[in-house]
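Geometric and topological summary
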Amino acid sequence: MRISLNWLRELVEIKLSPEELAETLTMAGFEVEDIEDRRTWANGVVVGKVLERQPHPNADKLSVCQVDIGTGETLNIVCGAANVKADIYVPVATTGTYLPNIDLKIKPAKLRGVPSQGMICSLKELGLPTDVDGIHIFTQENLPLGSDVRPLLGLDDVILDLTATANRADALSMVGVAREVAALTGGKLSIPEPGEVSIAKKPGNLTLKIADTQACPAYIGTVIEQVKIAPSPEWLQQRLRAAGVRPISNVVDITNYVLLEWGQPLHAFDRDRLKSVASSENLTIGVRFVNNGESLKTLDGQTRTLASQNLLITANEKPVALAGVMGGEETEVHKGTQSLVLEAALFDSVAIRRSSRSVGLRSEASGRYERGVNRAELEIANRRALSLISELANGILVQQEIADTRPDPSTWSRSIALRLDRVNQILGPIDLGEDTGELQEQDVERILTALGCQLTASGEDSSHQPTWSVSVPPYRYRDLEREIDLIEEIARLYGYNRFCDTLPEKSEGGYLPLDEELIRKLRAFLRAEGLTELIHYSLVKPGEDRQIVLSNPLFVEYSALRNDLISGLVDAFQYNLEQGNGALNGFEIGQIFWREEDGFQETEALAGIIGGDRTVGKWSKSGREEPITWFEAKGILESVFRQLALEVEFQPDRRDDRLHPGRTASLWIRGNRLGIFGQLHPQLRREKGLPDSVYVFQLDLDVLLESVGQDEILVPAFQPYSTYPASDRDIAFFAPVKISVSEIQKVITKASKDLLESVELFDEYRGENVPEGQRSLAFRLIYRASDRTLTEAEVEPVHNKVREALVEKFGVNLRS
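Quick summary incoming for the structure in this document. (Residues numbered from 1 in each chain as written. Predicted model: local features only at pLDDT ≥ 70, side-chain atom pairs only at ≥ 80, totals over all residues. Heavy atoms only, no water.)

Along the backbone of the protein chain there are 21 helices and 42 strands. What you see for the protein chain is a C-alpha radius of gyration of 45 Å, clearly larger than the 28 Å of a compact globule of 816 residues, by over 25%. Dimensions of the protein chain, computed from the C-alpha atoms along their principal axes, are close to 140 × 75 × 70 Å. A total of 816 residues make up the protein chain; the buried ones form 47% of that total. Partitioning the intrachain contacts of the protein chain with sequence separation of at least 6 by distance along the chain shows that 68% fall at a separation of at least 24. Only carbon and sulfur atoms are counted for the fraction: they give 47% of the accessible area of the protein chain, which is about 42,200 Å². Each charge sign in the protein chain was given a centre, from 90 positive and 121 negative side chains, and these centres are 4 Å apart. (Helix = DSSP H or I, 4+ residues; strand = E, 2+ residues; numbered from the N terminus. Rg over C-alpha atoms; globule rule 2.2 N^0.38 Å. Buried < 20%, exposed > 50% of the residue type's maximum accessible area, 1.4 Å probe, protein only. Contact = heavy atoms within 4.5 Å. Areas by Shrake-Rupley, 256 points an atom, 1.4 Å probe, with all protein chains shown as cover. Lys, Arg positive; Asp, Glu negative; His and termini not counted. Charge placed at Lys NZ, Arg CZ, Asp CG, Glu CD.)

Shown next, in the form of structure tokens:
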């Protein structure tokens, strides 16, 4: 918003220079983007009187003028304007004057052989907009010659281009800015309070019909007769031009003036044109939303097709204006207007925002309604406009109708509890020069009182610091809602630059949560095994058991949440084969979802797929593929578990019908089910066109992370090793096929106590000379002590216990 300092000085006492005021406002959150010092535009331009005008002897379009500027010497000035004549008062730029708007310095010159000692100026040359093609002629009589023209043209002013934040609707008015300046500088306010206006008691034919009181909580319609449309007085035109508004006529200019002064949009309708649209002498002004198929030609000359979210002003149900946005061309005020209906209304900010966006039209009025117009000052702005219309357009007020559904005025303010202790806790210490301190009770009271708040002491808090109940003024009702808002205002007005800049005493490096560290380690271990990390959508096709289906899917193919990761990995494996990329070895960490009787469940899982020949270069194998075996695939998982220091048991499992029933294992950690590992079922492989040996696994990530010895993984501890030699023993026996090697290893480990360092299966045989239903297994046991070399007498008893335990537990037939 463009702020005229001359206008602002009438509303508030200002002792600061324009530059100092701009800095003060900017530091308080109202950025001043530009300072337009109009005093420089006509510095050295004075009032002169044209005494005589003669045609130029050598040019048809030039005139030679004798001009008196009150110095006792008549100037000879050559002028090219067609409207120059004798006995007029004009602005004269004397020799040595610099006109910055046209970048011209006036020097003595000869024009077509005739000397010229200055320049008679047009408004454009002085930086002012004008419709006149020629020099400016003052309308005032008996002006003092040689006097400064700037007060006459409104050029003794400085304009601040101020930007307010979106929450400060009150700052879109001169009164609002004046209140802010008063709070910042302590200047005295002189806000005009328009008195009551007298309305002639005549029978009226105006009624109001507000269909949606939420969208329009208040509407004042005033009928004004015997209006004389004419140009506005110069002072009013100058103020509008300073604000960037083009003067039109006295009535329209008054509505714009009140909009700028109070921030309250107004609109003047031509009453006779309203009657013509309404086709009746009796007018019913209504406010409603658009019905289907309605259109309106707005003041900018465009016919707009309206939508259901557009709020309308109607005359006997016929649209005449877009409420809060722009009036209609059919009912606008014109030169022949003799009577008016002045609208002063409050509209809901959301309704106006939607209406404005739907037609792609923004105006000064809609911008203010969208942010929120002060409901407490509607009548003040209306009285201000009516008194000006009576004064400047000779209007007679004959009828006023009011529709008001605003809540009780007692609710237009709110009380907020404020604690001094909280203020200082949030804002921190203040800079007192060589020392620091805290905001005091009187500082808070002074600042908030300056903002128009009323403070009532409400005792002390638990730390014996004072507290207040703060009553917020109606014009700040929208943005002062909580205690933190008041604290922000205190900081803003006290000055952000007056608070101490402090850094933490000791900075601390950031770190990842423990689970995230472990997951990163896990990813690194899997990548080290040659697996590529994959990422799939969490949305899949529906049709699985216990699946969660979306109620509003974007596509049918993505209408359910996945309940496992394996299906996506199998599809990815198939897709890579079809694209000629070869076998895919990858893993994925992601969320899975499922439905249970007590509701929806979600967890994070780790899954992987391994298949095909993992070697690079087939020349050493005559180009033959060597698919990975079940044990090699299992070894990849075991390698990861070993790096995580996990002891995982593999138990036979046949529950997943996607996996080979004889080559599937469930994984367990200390009695907790970790997941599943197995080879894809031959039928599924044929359907998908996959290689013979493809293995998948899926692990519950929560169980995995809970089981990890976290400190040992993140910071590996040194494990001392024995410097003494080991003693190894082999043991071979026939064992039933149904007994798993893991069960045998557990019995061996338990029986050998602390001397056994490792046990490893190194041979398995089935066939000739092996009893039916059994297999021959051979294990190598390595015994070692950390403090001595073991003797035969120490090892043999332990080894015999192992043999006895195997016979007793499984009934094995020892071969060695």
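Another aspect to go through is helix α13 (residues 483-494). Between its first and last C-alpha atoms α13 spans 17 Å; for 12 residues at 1.5 Å apiece the expected length is 16 Å, and the two agree. Across the 12 residues of α13, 10 count as buried, placing the element largely inside the fold. Where α13 is buried, its residues contact α4 (174-185), β24 (415-419), α11 (420-427), β25 (430-431), α12 (441-450) and β28 (466-471). Gly 495 occupies a position one or two residues after α13 and carries a positive phi of about 110°. (Expected span 1.5 Å × (residues − 1).)

If you walk through the whole model with that rule in mind, you get 11 aromatic pairs. Seen from their ring centres, Phe 555 and Tyr 558 are 6.5 Å apart, and the 70° between their planes marks the pair as edge-to-face. When its relative accessible area of 33% is taken as the criterion, Tyr 558 is described as partly exposed. What links up through ring pairs into an aromatic cluster is the set Trp 630, Phe 631, Phe 650, Phe 677 and Tyr 695. Lying across the ring of Tyr 477, Arg 414 places its NZ or CZ 3.9 Å from the centre. (Phe/Tyr/Trp six-rings, centres within 6.5 Å; stacked < 30°, edge-to-face > 60°. Lys NZ or Arg CZ within 6 Å of the ring centre and 35° of its normal.)

Below, the discussion takes up the packing of helix α8 (residues 349-359) against helix α9 (residues 364-371). Direction vectors running N to C along α8 and α9 enclose 140°, while the axes themselves pass 7 Å from each other. Looking at the two axes, α8 sits oblique to α9. Crossing of α8 over α9 shows left-handed handedness. Contacts between α8 and α9 pair Ser 349, Ile 352, Arg 353 and Ser 356 from the former with Ser 366, Tyr 369 and Glu 370 from the latter. When grouped by side-chain class, the residues that make up the contact of α8 with α9 number two nonpolar, three polar and two charged. (Axes fitted to C-alpha atoms, helices over the stretch in contact; angles between N-to-C directions. Parallel < 35°, antiparallel > 145°, perpendicular 65-115°, else oblique. Left-handed = near helix turned anticlockwise from the far one by under 90°. Nonpolar A, V, L, I, M, F, W, Y, C, P; charged D, E, K, R; others polar.)

Another aspect to go through is the sheet that holds strand β41 (residues 774-783). Taken in spatial order, the four strands line up as β40-β41-β39-β42 in an open sheet, and their pairing is antiparallel. Among the strands making up the open sheet, the edge pair consists of β40 (756-765) and β42 (813-814). Pairing of strand β39 (residues 727-736) with β42 involves two bridges; the strand directions are antiparallel. Directly across from Phe 734, in β42, lies its bridge partner Asn 813. Against the sheet, helix α20 (residues 741-751) touches β39, β40 and β41, its axis set at about 35° to β41. On top of the sheet, helix α21 (residues 792-810) reaches β39, β41 and β42; it is set at about 10° to β39, its chief contact. (Pairing = 2+ DSSP bridges.)

Going through the model one piece at a time under the given rule, you end up with 49 salt bridges. Of the charged contacts in the structure, one is a salt bridge between Glu 377 and Arg 179, with a shortest N-O distance of 2.6 Å. With a gap of 198 residues between them, Glu 377 in the loop between α9 and α10 (378-392) and Arg 179 in helix α4 connect regions that are remote in the sequence. Each member of the pair, Glu 377 as well as Arg 179, carries the same accessibility label: buried. (Salt bridge = Lys/Arg side-chain N within 4 Å of Asp/Glu carboxyl O.)

Before going further, it helps to spend a moment on the layout of surface pockets. One way to see where empty space is left: roll a probe the size of a water molecule over the atoms. Taken as a whole, the largest pocket spans an internal volume of roughly 1,700 Å³. Considering the residues around the largest pocket, the lining is formed by 38 residues, among which Lys 634, Glu 638, Phe 650, Ser 742 and Gln 745 are closest to the centre. Every element with two or more residues in the lining of the largest pocket is listed here: α16 (630-643), β35 (649-652), β36 (659-669), α20 and β40. Looking at which element gives the most residues to the lining of the largest pocket, the answer is β36, with seven residues. (1 Å grid on protein atoms, 1.4 Å probe; cavity = no way out; pocket = protein on both sides within 12 Å on 5 of 7 lines; lining within 4 Å. Points joined across faces, edges and corners; volume = space filled by probe spheres on them.)

The next subject is the nonpolar core. Formed by 117 residues in total, the largest nonpolar core has its most connected members in Leu 8, Ile 313, Phe 347 and Leu 418. Here this core gets eight residues from one element, more than from any other, and that element is α4. The contact partners of Leu 8, leaving out residues within four places of it in the chain, are Ile 3, Ile 14, Leu 21, Met 174, Val 177, Ala 178 and Val 181. Within the second largest apolar cluster, 34 residues are counted, among which are Ile 636, Phe 641, Leu 644 and Val 703. (Core = buried A, V, L, I, M, F, W, Y, C linked by side-chain atoms within 4.5 Å.)

What follows deals with the environment of Ser 462. The residue Ser 462 is located in the loop between β27 (454-460) and β28 in this model. Taking relative accessible area as the criterion, Ser 462 reaches 76% and is therefore assigned exposed. Separated by 41 residues in the primary sequence, Ser 462 and Asp 421 place their C-alpha atoms 9.8 Å from one another.

Right, let's talk about the sheet that holds strand β21 (residues 326-327) for a bit. Pairing in this open sheet of five strands is mixed, and the strands run β13-β16-β19-β20-β21 from one edge to the other. Both outer strands of the open sheet, β13 (206-210) and β21, are each paired with one neighbouring strand and no more. Summarising the sheet, strand β16 (residues 283-289) and strand β19 (residues 311-315) pair through five bridges and their orientation is antiparallel. Residue pairing for β19: Arg 288 is matched across the bridge by Leu 312. In the packing of helix α7 (residues 271-278) onto the sheet, the strands contacted are β16, β19 and β20 (318-322), and the crossing angle to β16 comes to about 75°.

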